[in-house]
Amino acid sequence: MLTNFNSMLQTAYEQKKAIGSFNFYNYETLKGILRAAGQMDTPVIVSFGKKYLSNMSFDEVKAITAASAALCRTDVCLHLDHCDKMDIIYQAIRAGFTSVMYDGSALPFEENAANTQKICEIAHACGVSVEAELGSLAAGEASHEGSADDVEVYTSPDAAKEFVERTGVDALAVSIGTVHGLYKGTPNIRTDILRAINEKLHMPLVLHGGSGTPEAKVKECISNGIAKINVNTEISDYTVQHTRELLEKENPHLSVAALNQIQYVSEVVRKYMGIFAN
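Residues numbered from 1 in each chain as written. Predicted model: local features only at pLDDT ≥ 70, side-chain atom pairs only at ≥ 80, totals over all residues. Heavy atoms only, no water.

Trainee: Help me out: how do you make sense of the overall build of the chain in this one?
Mentor: When its secondary structure is counted, the chain shows 10 helices and 10 strands. The 278 residues of the chain split such that 54% are buried. Taking contacts inside the chain between residues at least 6 apart in sequence as the whole, the part at least 24 apart equals 72%. Total accessible area on the chain is roughly 11,800 Å²; 50% of this is exposed by carbon and sulfur atoms. (Helix = DSSP H or I, 4+ residues; strand = E, 2+ residues; numbered from the N terminus. Buried < 20%, exposed > 50% of the residue type's maximum accessible area, 1.4 Å probe, protein only. Contact = heavy atoms within 4.5 Å. Areas by Shrake-Rupley, 256 points an atom, 1.4 Å probe, with all protein chains shown as cover.)

Trainee: Explanation requested: the pairing of strand β4 (residues 99-102) in the structure shown.
Mentor: Along any regular strand the residues' side chains alternate between the sheet's two faces. The alternating pattern of β4 places Ser99 and Met101 and Val100 and Tyr102 on opposite faces, both of which are buried. Judged from the 3 bridges that link them, strand β3 (residues 76-83) and β4 form a sheet pairing that is parallel. Bridge pairing in β4 places Cys83 opposite Tyr102. Crossover β3 to β4 through helix α4 (residues 86-95) is right-handed. (Pairing = 2+ DSSP bridges. Right-handed = clockwise from strand over helix to strand, strands pointing away.)

Trainee: When you look at helix α8 (residues 215-223) in this model, what are you seeing that I'm missing?
Mentor: An α-helical turn contains 3.6 residues, so any two residues separated by three or four positions project in the same direction. For α8, the complete set of buried residues consists of Val218, Cys221 and Ile222. End-on, the buried residues of α8 take up no more than an arc of 100°, which puts them together on one face. The secondary structure elements touched by the buried residues of α8 are α7 (191-201), β9 (205-207), β10 (226-231) and α10 (254-276). A positive phi of about 110° marks Gly225, the residue just after α8. (Arc of directions from axis to C-beta.)

Trainee: Looking at this model, I keep getting lost on the sheet that holds β10. Mind explaining?
Mentor: In sheet architecture, strand pairing relies on hydrogen bonds along the backbone and comes in two forms, parallel and antiparallel. Strand order around the closed barrel formed by 8 strands is β1-β2-β3-β4-β5-β7-β9-β10, with parallel pairing between neighbours. Geometrically, the sheet is characterised by an average inter-axis angle of 25° between neighbouring strands, direction not taken into account. For strand β1 (residues 19-23) and strand β2 (residues 44-49), the ladder comprises 3 bridges, and the chain directions are parallel. Counterpart to Phe22 in the pairing with β2 is Val46. Contacting β1, β2 and β3, helix α2 (residues 27-40) crosses the sheet at an angle of about 165° to β2. (Axes fitted to C-alpha atoms, helices over the stretch in contact; angles between N-to-C directions.)

Trainee: Before we go on, may I ask you to explain the side chain of Thr239 in this structure?
Mentor: Structurally, Thr239 can be placed in helix α9 (residues 233-249). Assessed through its relative accessible area of 9%, Thr239 is described here as buried.

Trainee: Which parts of the structure should I look at to understand the packing of α2 against helix α3 (residues 58-69)?
Mentor: Two packed helices can be described by the angle between their axes and the distance between those axes. Orientation of α2 relative to α3, taken along the N-to-C sense of each, is 30°, at an axis distance of 11 Å. Of the possible angle classes, the one that applies to α2 and α3 is roughly parallel. With respect to the hand of their crossing, α2 and α3 are arranged in right-handed fashion. For the pair α2 and α3, contact is made by Tyr27, Leu30 and Leu34 and by Ile64, Thr65, Ser68 and Ala69, respectively. (Parallel < 35°, antiparallel > 145°, perpendicular 65-115°, else oblique. Left-handed = near helix turned anticlockwise from the far one by under 90°.)

Trainee: Got a minute to help me understand the nonpolar core in this structure?
Mentor: General note: in soluble globular proteins, nonpolar side chains tend to be found buried as a group. Counting residues in each nonpolar core, the largest one holds 68 residues, and the members touching the most others are Phe22 and Phe276. In terms of residue count, the dominant contributor to this core is α10 (7 residues). Apart from residues no more than four positions distant in its own chain, Phe276 is found in contact with Lys17, Ala18, Ile19, Gly20, Phe22, Val218, Ile222, Ile229 and Val231. Counting residues in each nonpolar core, the second largest holds 13 residues, with Ala12, Ile45, Met101 and Ala227 among its members. (Core = buried A, V, L, I, M, F, W, Y, C linked by side-chain atoms within 4.5 Å.)

Trainee: What is the right way to read α7 from this model?
Mentor: By the burial criterion, the buried members of α7 are Thr191, Ile193, Leu194, Ile197, Asn198 and Leu201. For α7, the buried positions fall inside an angular range of 150° around the axis, keeping them on one side. For α7, the elements touching its buried residues are α1 (6-15), α6 (157-167), β7 (171-174), β9, α8 and β10. Of the residues one or two after α7, His202 is the one with positive phi, at around 50°.

Trainee: I tried to follow the packing of aromatic side chains on my own but got confused; where do I start?
Mentor: Aromatic rings in a pair are described by how distant their centres are and how their planes are angled relative to each other. Tallied over the entire structure, the rule returns 7 aromatic pairs. Considering the side-chain rings of Phe48 and Phe58, the 6.4 Å spacing of their centres and the 75° angle between planes classify their relative orientation as edge-to-face. Within this pair, whereas Phe48 is found in strand β2, its partner Phe58 is found in helix α3, the two being separated by 10 residues in sequence. Since its relative accessible area comes to 6%, Phe58 is described here as buried. (Phe/Tyr/Trp six-rings, centres within 6.5 Å; stacked < 30°, edge-to-face > 60°.)

All we've got here are geometric facts, nothing functional implied.
Printed below as a string of structure tokens:
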């Protein structure tokens, strides 16, 4: 069933686990994510970004997610990922998304906090949970979310505490050295910063840029407050690569290719769910 992410993230935070937030772009990617959630018997966040509105409208996304989630035995959160436009966030809320992310990380602190507070007031009145971001991530290889101009700014623990108190946000995405996309070199994940943030906030924190992050670092982050981890790039890269290999071997009917893509997505999602839960 569809739900917001509050209870699933709070439970994960208390149990020192994390819930995966996996991006989808069409029916096949959505079905692959939900297949994995059913097989792993774990709640899941399915994320749709505003840049994919050329693939499907918000109303279409809500309709296929609601229908698919009704057949899934675990809780499903329909999440609007990385959105810096308040009017688009309100459109997603009206369409029936159960959580939204306002990304005002490029704005000055005061403007980011003021906008986030407004969104929280409206979203919470509709039973919708809100994620926000403080600090910013750089863009890695094959990123479909960031841009080459993005500059990494680590999240300040003191600023994070003030931000949460002023906005009432349900989850906070932090910048500690991960990147959108794939790493260009050896990642330097600042778990010392994360630990300081967690000690001040005692609430579910979010790690963006899960693709390619070393498993040991992921688990260290989870033990220090990360309760939601985003994965996007690896879903796309793995599925495209294996689709290419399939097409090189045979000339399948499109319906068969689609079934294979569901399986490819599911394989990536199951891998990360296994990491996040242990």
